[in-house]
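Residues per chain are reported as follows:
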Amino acid sequence: MNNKKQRLFTGIQPTGSLHIGNYLGAILPAVNRQDEYDSFLCVVDLHSITKPYEPKDLRDQIKGVVLDYIAGGIDPDKSTLFIQSHVPQHCELMWLLNTITPVGELQRMIQYKEFKERFKEPQGGILNYPILMAADVLLYKGEAVPVGDDQTQHIELMRDLAKKFNRMFGDTFPIPKNTIQNPLRIMSMHDPDKKMSKSLGPKSYIAISDNPDTIRKKIMSAVTGTDIAMTAGTKNLFTLLEQVAPKDTYNHMYEKFENKDLQYSELKAVLADYMVEFVKPIQEKRAELENNLDYIASILAEGSERARKIASETIEEVKQKMGLM
Ligand code: AMP
Ligand code: TRP
């Protein structure tokens with residue numbers, strides 16, 4: 001691996017089946033940048049336990065994300081794939097950064113505010129969540145962080161913490177940024193004013209693992225409007241079409257739409273066909289990997305070893321600068 005390359009870091013929480021929003025918003029951009037960057041792809045299990053979860057399901061969900069990454073095109077020979085809790089330095093750096101983070105900044109995070117509304121008394125983990133996310137990236141001196149649009153505020157905080165640390169203790173961290181120029185925001189099929197999300201239930205999302213029938217049903221019943229118009233739902237269908245269909249097909253459909261010569265049923269049927277084809281190779285690769293779990297275990301062992309080595313160097317440098325050694 002060429003060490004002169006900038007580092008890329010992104011994380012996905014093991015909270016159930018991966019949907020097309022996660023895939024297009026976070027995994028595919030990382031897949032497309034594997035040659036350009038020294039890439040770190042992390043299953044952020046310590047983040048996922050800040051929300052209500054079933055301990056007995058967690059192992060399988062973690063394994064599921066690893067399979068999704070590889071089936072989705074992450075090449076373990078090019079990228080470092082690992083599990084966050086296997087590298088204890090994430091928590092160590094989090095504590096150190098915690099000491100320079102203003103509580104007010106954490107309380108301003110949309111995610112925190114949403115939790116406060118839902119659960120009345122949120123736990124400390126959800127408040128400190130963005131510090132752990134900053135530690136994830138800074139531990140590897142990551143510069144490129146491909147994430148969806150919902151993470152913008154967290155990236156801002158990460159940048160502020162890196163700058164503040166550098167100011168207080170001397171130049172240490174490069175300032176990371178989201179490398180996706182127009183971060184995608186795929187909306188719910190069922191409720192297109194909301195972001196596609198696992199928490200909105202299976203009707204809202206197209207899972208990478210959905211079978212062709214389910215995909216067709218979800219797309220054909222997507223909420224749009226009655227007469228063809230650029231509603232939030234229509235816009236979402238076009239966004240998806242642009243991602244999964246060839247450019248000419250997209251252009252052709254868009255022209256028909258502009259000429260008011262397009263029916264929703266046609267747009268949806270075309271999108272459904274391309275979506276089914278889009279997920280098919282990912283599903284096939286995933287099924288293959290399911291039968292080869294030793295291979296997965298060896299990839300993770302190698303990944304966390306490489307991650308730990310870099311992480312411990314950063315921690316040593318940080319502690320020294322903070323006067324701790
Ligand atoms: P999460 O499932 O919350 O761990 O999200 C994993 C990654 O997928 C993050 O980079 C998110 O920004 C991205 N993501 C999640 N939902 C969407 C969506 N509906 N559209 C685009 N990107 C998304
Ligand atoms: N908070 C991110 C999300 O919900 C996941 C995440 C954790 C992450 N650590 C990260 C993303 C570091 C990018 C970089 O999607």
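Numbering of residues begins from 1 in every chain and follows the order in which that chain's sequence is written. In the order they appear in the text, chains get letters beginning with A and ligands get numbers beginning with 1. Per-residue local features of the predicted model are confined to residues with pLDDT of at least 70, and side-chain atom pairs are confined, for both listing and counting, to 80 or more; whole-chain, interface and lining totals are unaffected and use all residues. Processing note: side-chain calculations cover all non-hydrogen atoms of the structure and skip hydrogens and water entirely.

Topic: the packing of aromatic side chains
Stated formally: By convention, a stacked pair of Phe, Tyr or Trp rings (six-membered ring in the case of Trp) has centres within 6.5 Å and planes under 30 degrees apart, an edge-to-face pair has planes over 60 apart, and any other such pair is tilted. Helical segments are the DSSP runs of H or I of at least four residues, strand segments are the runs of E of at least two, and each set is numbered from the N terminus. The buried label applies to any residue whose accessible area, calculated with a 1.4 Å probe on protein chains only, is under 20% of its type's maximum; exposed applies above 50%, and partly exposed to all values in between. In our convention, an over-ring charge means Lys NZ or Arg CZ found within 6 Å of a ring centre and within 35 degrees of that ring's normal.
Under the defined criterion, the tally for this structure stands at 14 aromatic pairs. Aromatic pair Phe40 and Tyr140: ring centres 4.9 Å apart, planes at 25 degrees, arrangement stacked. A residue pair is termed long-range when its members are at least 10 positions apart, and Phe40 in strand E2 (residues 38-43) and Tyr140 in the loop between helix H7 (124-138) and helix H8 (152-169) qualify at 100 residues. Grouping residues by exposure puts Phe40 and Tyr140 together as buried. Sitting above the plane of the Phe115 ring, Arg118 keeps its charged end 5.4 Å from the centroid.

Topic: the site of ligand 2
Just so we agree on the cut-off: Whether a residue is near a molecule or strand is decided by its heavy atoms; if any one of them lies within 4 Å of it, the residue is near. For the purposes of these results, a polar contact is taken to be a pair of N or O atoms within 3.5 Å, where, inside protein, one atom must be able to donate a hydrogen and its partner to accept one; residues adjacent in sequence count only when each atom of the pair is a side-chain atom. Here the accessible surface of atoms and residues is derived via Shrake-Rupley with a 1.4 Å probe, and residues count as covered only by protein chains that are part of the display. Under this grouping Gly is polar, as are all residues other than the nonpolar Ala, Val, Leu, Ile, Met, Phe, Trp, Tyr, Cys and Pro and the charged Asp, Glu, Lys and Arg.
As a matter of local geometry, ligand 2 sits amid 13 residues, with Gln13, Tyr129, Met133, Asp136 and Gln151 nearest to it. Within the side chain of Asp136, a nitrogen or oxygen atom sits 2.7 Å from a nitrogen atom of ligand 2. With respect to ligand 2, the side chain of Gln151 contributes an N or O atom lying 3.1 Å from a nitrogen atom. Relative to its free-state accessible area of 370 Å², ligand 2 is covered by the protein chains to the extent of 91%. Taken together, the elements giving at least two residues each to the shell around ligand 2 come down to strand E1 (7-12) and H7. Among the elements that line the shell around ligand 2, the one with the most residues is H7, at 4 residues. Classifying every residue of the shell around ligand 2 by side-chain character gives 7 nonpolar, 5 polar and 1 charged.

Thoughts on the sheet that holds E2
Heads up, the condition is: Here, a strand pair is defined by DSSP locating no fewer than two bridges between the strands. Lines fitted to C-alpha atoms define the axes, with helix axes restricted to the stretch in contact, and inter-axis angles between N-to-C directions lie between 0 and 180 degrees. The contact definition used throughout considers only heavy atoms, calling two residues in contact when any of these lie within 4.5 Å.
Ordered in space as E1-E2-E3, the 3 strands form an open sheet in which the pairing is parallel. Each having just a single partner strand, E1 and strand E3 (80-83) make up the two edges of the open sheet. On average, adjacent strands in this sheet sit at an angle of 20 degrees to one another, irrespective of strand direction. Sheet topology places E1 next to E2; 6 bridges connect them, and they run parallel. When the bridges of E2 are listed, Ile12 appears paired with Val43. Against the sheet, helix H1 (residues 20-32) makes contact with E1 and E2, and its axis sits at roughly 150 degrees relative to E1, the strand it touches most.

Quick word on the domain arrangement of the chain
Under the convention used in this document: Where each domain starts and ends comes from a domain assignment, either automatic or drawn from a database. By buried area we mean the combined loss of accessible area, with a 1.4 Å probe, across both parts when two parts are placed together. Whenever Lys or Arg places a side-chain nitrogen within 4 Å of a carboxyl oxygen from Asp or Glu, that contact is recorded as a salt bridge.
Per the domain assignment, the segments of the chain are domain 1 (7-184 + 292-322) and domain 2 (198-287). A straight line from the C-alpha centre of domain 1 to that of domain 2 covers 30 Å. Each partner contributes residues to the interface: domain 1 has 18 residues there, and domain 2 has 15 residues. Both faces considered, domain 1 and domain 2 share a buried interface measuring about 1500 Å² in area, 66% of it formed by carbon and sulfur atoms. Looking only at domain 1, the three residues that lose the most surface to domain 2 are His19, Ile20 and Ala71, adding up to 36% of its buried area. Between domain 1 and domain 2 we count 1 salt bridge in total. The partner of Arg286 in a salt bridge is Asp68, with the nearest N and O atoms 2.7 Å apart. Where domain 1 packs against domain 2, one counts 5 residue pairs in polar contact (both at pLDDT 80 or more). Of the residues in the side of domain 1 that touches domain 2, the class split is 9 nonpolar, 8 polar and 1 charged.

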